[in-house]
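Understanding the architecture of this molecule
Okay, here's what each chain looks like letter by letter:
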Amino acid sequence: MDRIKFLGDVKIRPTLIQLLNLGMIICSALMIWKGLMCITGCESPVVVVLTGSMEPGFKRGDILFLHMNKEPIRAGEIVVYNVDGRDIPIVHRVIKAHERRDTGEIDILTKGDNNQVDDITLYSGGQLWLNLHHIIGRAIGYLPYVGYLTIIMTEMPIVKYLLIGVLALLVITSEE
Amino acid sequence: MHSAVQRANTAATIAAILLATICAAASFLDAFNSPSLQAHVQVVKINRFRRQLDGNDEVKMTLKMSMDLTSLFTWNTKQVFVFLAAEYETDTNSLNQVSLWDHIVQEKERASFQVKVPTKYPLIDQGTNLRGKKVGLVLHWHIMPISGRMIQGKMPLSNFSLPDSYTTRS
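Below: a short report on this structure. (Residues numbered from 1 in each chain as written. Chains lettered and ligands numbered in written order. Predicted model: local features only at pLDDT ≥ 70, side-chain atom pairs only at ≥ 80, totals over all residues. Heavy atoms only, no water.)

As for the overall build of chain A
Put simply, the rule is: Secondary structure elements follow DSSP: runs of H or I no shorter than four residues count as helices, runs of E no shorter than two count as strands, and numbering proceeds from the N terminus. Put simply, the radius of gyration uses C-alpha atoms, and a globule should come to 2.2 Å times the residue count raised to 0.38. Partly exposed describes any residue whose relative accessible area lies between the buried limit of under 20% and the exposed limit of over 50%, with all areas from a 1.4 Å probe on protein chains only and scaled to the type maximum. Residue burial considers only the protein chains on display, and all accessible areas are found by Shrake-Rupley using a 1.4 Å probe.
For chain A, the count of helices and strands is three helices and six strands. For chain A, the sequential pattern of α-helices and β-strands runs α-β-β-β-β-β-β-α-α. Taking 16 Å as the expected radius of gyration for a compact globule of 176 residues, we find that chain A reaches 22 Å, considerably beyond that expectation. The C-alpha extent of chain A, read off along each of the three principal axes, is 70 × 30 × 30 Å. The buried share among the 176 residues of chain A stands at 34%. Surface summary for chain A: the accessible area is close to 11100 Å², and the carbon and sulfur share equals 67%.

Printed below as a string of structure tokens:
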């Protein structure tokens, strides 16, 4: 690391340009993320699989690409849903769907492929079915292993701080 | 003239781009696979047809199924999730889809088989509409890739009619 500038040597203009570059990178990343949100119609177009309840199809650390449209939810689709009052999205498969004739509302029951029982115990309170407003999106694509970094960063925050620290150091000390 | 860090950075970036391209290509090629599968299902016996304590109809039956799913597999296929859904309509519901049985096939060699099994999940109605109801049996499959887009498909198989009255006292 022979490019570390001494603190007394710091010039105003190059520093400002570097900060501007950093700002541009952050803004571009945000634009891409928000753009993806618009295209896929989901609040979080990419999710990381946290549990083994969908094995052997999805393992912990895989990432799923989500999409949501007006098409009615049908049995067999893998959906990501949030239970009322809980923050952690669950990725399971729809095994039962009942669509009401009058309102078009659909009652859904889900189950993880690797679970013995369906999800009825996961739904809050006396709730028997999921409805459209619980569903964040349908899983349409998948990449293995890529999300494992997110799991490590969530479960061992020290890794997250270390990573941010190293990145910040690299940005400050780089020439471009 | 290039530091170790720069070389590592370039190598990692190229590796990541190549990996992403291969994953995308694998998934893209999957679209050209035109499967031709065969399947047959038959309801052997209605084991139980009753009205549950909470007022909904419930059916459990034994099914005899044979299917050949080998044409669904490509080299980018990790597993095929196959399930049989009972589909019918009622006065209150325009569509009811209830999965009766599902199975995961992980290898192409094991994709052609015959089973005679009791239903894994009971057919439970939202109401008491099942007596004498004509129910369609539809085979659905979900191809889960090693990477990329997941593909779904379905094939209607036979229909059958439920008995006009319950087989056990509720």
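Back to the write-up after that little detour.
Let's talk about the side chain of A:Asp62
The condition is simple: Charged-residue counts in this description rest on Lys and Arg as positive and Asp and Glu as negative, His and the chain ends being excluded. Within this document, salt bridges are pairs made up of a side-chain nitrogen of Lys or Arg and a carboxyl oxygen of Asp or Glu, the two lying within 4 Å of each other. Each polar contact in these results corresponds to two N or O atoms within 3.5 Å; when the atoms are within protein, one needs to be able to donate a hydrogen and the other to accept it, and residues that are neighboring in sequence are counted only if both atoms are side-chain atoms.
Relative to the elements of secondary structure, A:Asp62 occurs in the loop between strand S1 (46–48) and strand S2 (63–67). Although buried, A:Asp62 forms no salt bridge, and the nearest oppositely charged side chain, B:Lys78, lies 4.6 Å from it. Within the local environment of A:Asp62, its side chain forms a polar contact with the backbone nitrogen of A:Lys59, the two atoms lying 2.7 Å apart. Polar contacts involving the side chain of A:Asp62 include one to the side chain of A:Tyr142, which spans 3.4 Å.

Regarding the pattern of salt bridges
Any two side chains of opposite charge can pair if their charged atoms end up close together. Residue and element names in this part refer to chain B. Scanning the model with the defined rule gives eight salt bridges over all chains in all. Here Asp 102 makes a salt bridge to Lys 120, at a shortest N to O gap of 2.6 Å. Highlighted residues: Asp 102 in strand S4 (residues 93–105) and Lys 120 in the loop between strand S5 (112–118) and strand S6 (123–124), separated in sequence by 18 residues. The buried category is assigned to Asp 102, whose relative accessible area is 8%. Since its relative accessible area comes to 45%, Lys 120 is described here as partly exposed.

Notes on the interface of chain A and chain B
Note the cut-off: Any two residues whose heavy atoms approach within 4.5 Å at even a single point are treated as in contact. Note: buried area is the sum, over both parts, of the accessible area (probe 1.4 Å) each one loses when the two are combined. Throughout this entry, Asp, Glu, Lys and Arg are counted as charged residues, while Ala, Val, Leu, Ile, Met, Phe, Trp, Tyr, Cys and Pro are counted as nonpolar. The remaining residues, Gly among them, count as polar. When DSSP finds at least two bridges between two strands, those strands are taken to pair.
In this assembly, 27 residues from chain A lie in contact with 33 residues from chain B. In total, chain A and chain B occlude about 2600 Å² of area from one another, counting both sides; carbon and sulfur atoms represent 51% of this. The interface formed by chain A and chain B holds one salt bridge in total. Among the salt bridges present, the one from B:Glu89 reaches A:Arg101, with a minimum N-O distance of 3.3 Å. The tally of links between chain A and chain B comes to 22 residue pairs in polar contact (both at pLDDT 80 or more). Elements with a minimum of two residues in the side of chain A that touches chain B: strand S4 (90–100), strand S5 (106–111) and strand S6 (135–143) of chain A. In terms of residues, the side of chain A that touches chain B owes the most to one element, S4(A), which gives seven residues. Taken together, the residues that form the side of chain A that touches chain B break down as twelve nonpolar, four polar and eleven charged. Where S4(A) meets S4(B), five bridges bridge the pair, whose relative direction is antiparallel. Looking across to S4(B), one finds that A:Arg100 is bridged to B:Asn93.

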